[in-house]
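Per-entry structural report
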Amino acid sequence: MTLPADVVIGMDIGTTSAKAVVRSMSHRSAPYVEQPTPWRAGSGGQTEIDPYRLLGLAVELIGRAVREAESAWGPVRVRGIGVAGMAESGVLLSGAGRPSAPTIAWFDHRGSREIEQAGGKSPEFAAAFERTTGLPWSSQASIAKLLWLRGRGFTAGPASTWLSVPEWIVFGLGGDLVREPSLASRTGLIDQGTGELWPAAAAIAGLSARILPDERPAGVPAGHVRHDGVAACAAGAVLTVAGHDHPVAAIGAGVVDKDELFNSSGTADVLARCLPGTLAAPQRQAAVSAGWSIGRHVLPDTSLLLAGVSGGLLLRRVLAALGAESGDARAALDRASLSVGDLPVGLSVTGDGRTQDDVVLRIQDGATPASIWTAAVRYTADQARLLLDDIEKVVGPHQRAVAAGGWTQMASVRAAKANAIKAVSFSPVVQPGVTGAALLAAFAIDGDGLTLADFIRASSVTDGRSEPAQDALSAPGTISEGMK
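Here, residues in each chain are numbered from 1, in the same order as that chain's written sequence. For this predicted model, a pLDDT threshold of at least 70 governs which residues receive local features, and a threshold of 80 or more governs which side-chain atom pairs are given and counted, while totals over whole chains, interfaces and linings are taken from all residues. Here the side-chain values reflect all heavy atoms present in the structure, with hydrogen atoms and water set aside.

Right, let's get into the overall build of the chain. Numbering of helices and strands runs from the N terminus, with a helix taken as a DSSP run of H or I at least four residues long and a strand as a DSSP run of E at least two residues long. Along the backbone of the chain there are 16 helices and 20 strands. Each principal axis of the C-alpha distribution contributes one length, and for the chain these read about 70 × 65 × 40 Å. At a minimum sequence separation of 6, the contacts of the chain that also span at least 24 residues come to 71%. Areas reported as accessible are Shrake-Rupley estimates using a 1.4 Å probe. Residue values count occlusion only from the protein chains shown. Looking at the chain as shown, the accessible area adds up to about 18,800 Å², and 52% of this sits on carbon and sulfur atoms. By the convention used here, residues are in contact when the closest approach between their heavy atoms is within 4.5 Å.

Glancing now at the nonpolar core. The nonpolar core is taken to be a set of buried Ala, Val, Leu, Ile, Met, Phe, Trp, Tyr and Cys residues, with the residues joined through side-chain atoms within 4.5 Å. Relative accessibility thresholds used throughout: buried, under 20% of the residue-type maximum; exposed, over 50%; partly exposed, between the two (1.4 Å probe, protein chains only). Core analysis: the largest hydrophobic core is formed by 47 residues, its most contacted members being Ile9, Met11, Ile13, Ile62, Val78, Ile81 and Ile169. Counting residues per element, the ones that place at least two in this core are β1 (5-13), β2 (17-24), α1 (51-73), β6 (76-85), β7 (90-93), α5 (165-172) and β12 (238-244). At eleven residues, the largest contribution of residues to this core is made by α1. Leu261, Ala287, Leu333 and Val413 belong to the second largest nonpolar core, which has 38 residues in total.

In this section: the pattern of salt bridges. A carboxyl oxygen of Asp or Glu within 4 Å of a side-chain nitrogen of Lys or Arg is what we treat as a salt bridge. Considering all chains together, one arrives at 19 salt bridges under this definition. Across the pair Glu48 and Arg40 runs a salt bridge, and its minimum N-O distance is 2.8 Å. A single network of salt bridges, built from pairs that share partners, joins Arg40, Glu48, Asp108 and Arg110.

A word on the packing of aromatic side chains. A pair of Phe, Tyr and Trp rings is counted when the ring centres sit within 6.5 Å of each other, with Trp represented by its six-membered ring. The angle between the planes then sorts it: under 30 degrees is stacked, over 60 is edge-to-face, the rest tilted. This structure, assessed with the given rule, holds eleven aromatic pairs. Aromatic side chains Phe129 and Trp198 sit 6.4 Å apart centroid to centroid with 45° between the ring planes, which places their arrangement in the tilted category. Here Phe129, found in helix α3 (residues 123-133), pairs with Trp198, found in the loop between β11 (196-197) and α7 (199-204); they are 69 residues apart in sequence, far enough to count as distant. Ring pairing ties together the aromatic residues Phe125, Phe129, Trp137 and Trp198, which thus form one cluster.

Before going further, it helps to examine helix α4 (residues 142-151). A large share of α4 lies buried, amounting to eight of its ten residues. Along α4, the residues that are buried comprise Ser142, Ile143, Ala144, Lys145, Leu146, Leu147, Trp148 and Leu149. Looking at the packing, one finds that the buried side of α4 touches β7, β8 (103-104), α2 (112-121), α3, β9 (161-164) and α7.

It is worth stressing that arrangement in space is one thing and function is another; only the former is reported here.
Below you can see the structure in the form of structure tokens.
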């Protein structure tokens, strides 16, 4: 009789799609599954989802991942599950532990008016918000969603709890109510100087001091799977909230040392910078003024600087305009781009590619598809460079950079990034978010007395210092998949 293989599952509940990967110490392959996040779109750009639908999505992913692993390896036993994902979206629980409101998408602008009104009523609070929370004063933070919900009758009572999406998934699967620091940093409710609930923010939103659960860092066990719908082989598996998708992806690519930079090149072109310790309030304000946000990393005693542009969306629109969406056409354009030197006079690309913001191409005679594509990749790389220039005035230069994600499989994109980002190397791990979540699940069940950073360095995914070693997880991530 074949004994089941012990495995861990890493999950990333993302904006466009939710993903899961299965990892085993005894197999080099890593079965991977993905399916769209089923948001419900309303009028005026409102986007939300029933929290139970999110939980059902996670259960479905676990089942599909297990079936893929069993098809490849035979019987498996899931020992741990790590859940990463989007941060500002969350679930308001009643005192009975049940969702009492829909989950609003992090990019939904609901709460903008309420934020303005709160700032008008308390200018002192608005002035202190950025230097205290490390976030811009905008509708993106969870506090804006909570203010909007409060105004629509979704009242947070004295026993109510706010959970981010990954925290809700862990709780819904049978785990504990926990507050993971990198996710809590995106709520607008945390004083980054103390790491605890900021009383002024709770007061503005009419929230009790118990609105956030007790802290439980990423990679620390947060209960066990106790959900009837989950595959039997995963019953009792250790759960951990892996954290915010961007720092989790960074460790999935082996970026764990101080003053290192991770560039995630997917739908958004995200920059995530590690910094040791906690920044003082003036530095937090300077970082936000430079177009960055700052909070806690999933690594202990480490801050995370975060910024980004919608580079991947811009590139995808340019590919469509050039008729180069198929694999062969894209590869031909990629090769031709490498021969482009100076751009033709009058050729420029602007815009970020978001639905509400057009990509603008300006061309004159001499513009070829290869030169247009080259202009686009250079433009997105230059936008990242501008963000780096501004933040280096606050915290100094990074020491090492690693880029990962689907777009980095194109040589033209790598060339542009190499010119724009100092000391950059490229990881072959196409889906570092689920890789990092799986590593945090493995750490939760078998850290072997190592620090999290040492555990990541010792993993089979990356050697931690030079070019990451080829990993089987990169196999399912074709260029088109990585660009979603």
